[in-house]
Amino acid sequence: MKKLQAFGLALLLFLCTATGLHVLAGRRLEFNDPKFNAWVNDEKLLYSRAICENLGPNTIPVFGSSEFRHGRSTPYHAAKVLSGQPFQLMLIGAGYYQSLFHATALAAIGPAMEQDQAVLILSPQWFKPSGVLPEVYTSRFSEYNFVQMLKNDKLSQQTKEYIIQRTKQLLEPDPAMGERVELYERVLVTKDASLWDKLHYKAWTTFLEEKMTVGLLLKAKAAGIRHDAPQPAPRPAPDWAALEAQADADGAKANTTNQFGMNDDFYFLYKNTMLKSKKDSMKQADYTQSPEYGDLICFLNVCRDLGIRPLLVSLPVNGPWYDYMGFPQQNRQAYYQKIRDIAAEYGAELADLSIEEYTPHFFEDNTHIAWKGWVKLNESLYRFAAPAA
């Protein structure tokens, strides 16, 4: 009896709170603002409904990680170089957002996509032997996206089951979240939910959606994202040769004192904090055995189930830096080849940038692209997106 009373009180509080949030939030999440597409913020990334309401007929989702935060103040970021084209890119990702998050998010937004294309930018560092760590995945997990993924009837049972089981495995640091995942599974998949389960599910998901709506609207306003903002004027295709020349010149100004092709500011930071400790620290490193490959294949299976044509972008490592750390060249090449093999096996297009390991002015630091790195990435995105525009 006490348990039932406690649940009744919780249900009442959830519904009252949800009603209040609903009044505050309103229902309009369609911004029609290019800033939203390039916005890197958890309120957007964890809330697929907001992304869905901002997908236009020519919008292509581009999934990635921390590179989206880098280069935003330069003229080379995709949000600037590809502005005004007959397609739009919806950037989805930030640091530590990896393949499983993106597979779930793609399944969540799939029903709202009018384009049948998606891009996944692969960072080699994702494919460490551990794959994504449970603590990291837990911090990036979106239960809203997970629920929408489960509701997607076009997703095969095999793909859903992989996402469910892998999610449960990675959510071990958060038992309460793990219990809600099992609740969602009972209500939406196995259909063996009790009346109690169904009431709990309805109350919590109503509260969750209203809470996320309020959070997103407040953060979007603070970021200067507007409803019905002016659209960029149409622009011709970028002059890639001119952009490369400009990137070379700008990179040369920023990289004058180190052998790693980094921005000098980053180099001096590393020199003062970790340069000596990194010498030959990766002699035994290998990126060819990782649970991340299963998550990547899951992303490609989501594409297959939903009839989406994927582009994988294989980013390189910073060659001089990885040489310094002793990461064997043959092991790096084995990783690149494994990505090529997976792309071929699962019918994905591949933009293979692995040949750029030693390209001058390609990297901002030991990991993130800059200058020519962004130019090469943008050109790959343009060549994939432009034919569909």
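Read on for a plain summary of the structure.

Criteria and cut-off values
Residues numbered from 1 in each chain as written. Predicted model: local features only at pLDDT ≥ 70, side-chain atom pairs only at ≥ 80, totals over all residues. Heavy atoms only, no water. Helix = DSSP H or I, 4+ residues; strand = E, 2+ residues; numbered from the N terminus. Rg over C-alpha atoms; globule rule 2.2 N^0.38 Å. Buried < 20%, exposed > 50% of the residue type's maximum accessible area, 1.4 Å probe, protein only. Contact = heavy atoms within 4.5 Å. Areas by Shrake-Rupley, 256 points an atom, 1.4 Å probe, with all protein chains shown as cover. Lys, Arg positive; Asp, Glu negative; His and termini not counted. Charge placed at Lys NZ, Arg CZ, Asp CG, Glu CD. 1 Å grid on protein atoms, 1.4 Å probe; cavity = no way out; pocket = protein on both sides within 12 Å on 5 of 7 lines; lining within 4 Å. Points joined across faces, edges and corners; volume = space filled by probe spheres on them. Nonpolar A, V, L, I, M, F, W, Y, C, P; charged D, E, K, R; others polar. Axes fitted to C-alpha atoms, helices over the stretch in contact; angles between N-to-C directions. Parallel < 35°, antiparallel > 145°, perpendicular 65-115°, else oblique. Left-handed = near helix turned anticlockwise from the far one by under 90°. Pairing = 2+ DSSP bridges.

**Details of the overall build of the protein chain**
Then comes step 1: From N to C terminus, the protein chain includes 18 helices and five strands.
Then comes step 2: Against the 2.2 N^0.38 benchmark of 21 Å for 389 residues, the protein chain shows a C-alpha radius of gyration of 22 Å, consistent with a compact globule.
Then comes step 3: When its C-alpha atoms are laid out on the principal axes, the protein chain stretches across 70 × 50 × 40 Å.
Then comes step 4: Evaluated residue by residue, the protein chain yields a buried proportion of 56% over its 389 residues.
Then comes step 5: Expressed as a percentage of contacts within the protein chain between residues at least 6 apart in sequence, the contacts between residues at least 24 apart total 81%.
Then comes step 6: Entry remark: accessible area of the protein chain is about 17,200 Å², with carbon and sulfur atoms responsible for 55%.
Then comes step 7: Of the charged side chains in the protein chain, 41 are positive and 43 negative; the average position of the first set lies 4 Å away from that of the second.

**Describing the layout of surface pockets**
Then comes step 1: Here the largest pocket defines a volume of roughly 810 Å³.
Then comes step 2: If you go around the largest pocket, you meet 34 residues; those closest to its centre are Tyr96, Gln125, Trp126, Lys128 and Thr367.
Then comes step 3: For the lining of the largest pocket, the residue count by class is 17 nonpolar, 13 polar and four charged.
Then comes step 4: In this structure, the second largest pocket occupies an estimated 550 Å³ of space.
Then comes step 5: Pro34, Asn37, Gln88, Leu89 and Gln231 are the residues nearest the centre of the second largest pocket, which is lined by 26 residues in total.
Then comes step 6: Counting residues per element, the ones that place at least two in the lining of the second largest pocket are helix 2 (34–38), helix 5 (78–81) and strand 2 (88–93).
Then comes step 7: Classifying every residue of the lining of the second largest pocket gives twelve nonpolar, eleven polar and three charged.

**Notes on the packing of helix 8 (residues 143–151) against helix 11 (residues 195–222)**
Then comes step 1: It is at 11 Å that the axes of helix 8 and helix 11 come closest, and there the two elements cross at 120°. By the angle between their axes, helix 8 is oblique relative to helix 11. The way helix 8 lies across helix 11 gives a crossing that is left-handed. On helix 11, the residues that touch Glu143, Tyr144, Val147 and Lys151 of helix 8 are Tyr201, Trp204, Leu208, Glu209 and Met212.
Then comes step 2: Per-class residue counts for the contact of helix 8 with helix 11 are six nonpolar, no polar and three charged.

**Considerations on the environment of Trp126**
Then comes step 1: Tracing the sequence through the fold places Trp126 in the loop between strand 3 (117–122) and helix 7 (134–140).
Then comes step 2: Between the C-alpha atoms of Trp126 and Tyr97, which are 29 residues apart in sequence, the distance is 9.3 Å.
Then comes step 3: With near-sequence residues (within four places) excluded, Trp126 lies in contact with Gly64, Ser65, Tyr97, Gln98, Ser99, His102, Leu120, Ile121, Gly131, Ser290 and Glu292.

**Points about the sheet that holds strand 3**
Hydrogen bonds between backbone groups are what pair the strands of a sheet, and the pairing can be parallel or antiparallel.
Then comes step 1: The strand order across the open sheet formed by five strands is 2-1-3-4-5, and the pairing between neighbours is parallel. Looking at the sheet topology across the chains shown, the edges are occupied by strand 2 and strand 5 (349–352). For this sheet, the mean inter-axis angle between neighbouring strands, taken without regard to orientation, is 20°.
Then comes step 2: Judged from the six bridges that link them, strand 1 (residues 59–64) and strand 2 form a sheet pairing that is parallel. In the strand pairing of strand 2, Phe63 is matched with Ile92.
Then comes step 3: Against the sheet, helix 15 (residues 292–306) makes contact with strand 1, strand 3 and strand 4 (309–314), and its axis sits at roughly 155° relative to strand 4, the strand it touches most.

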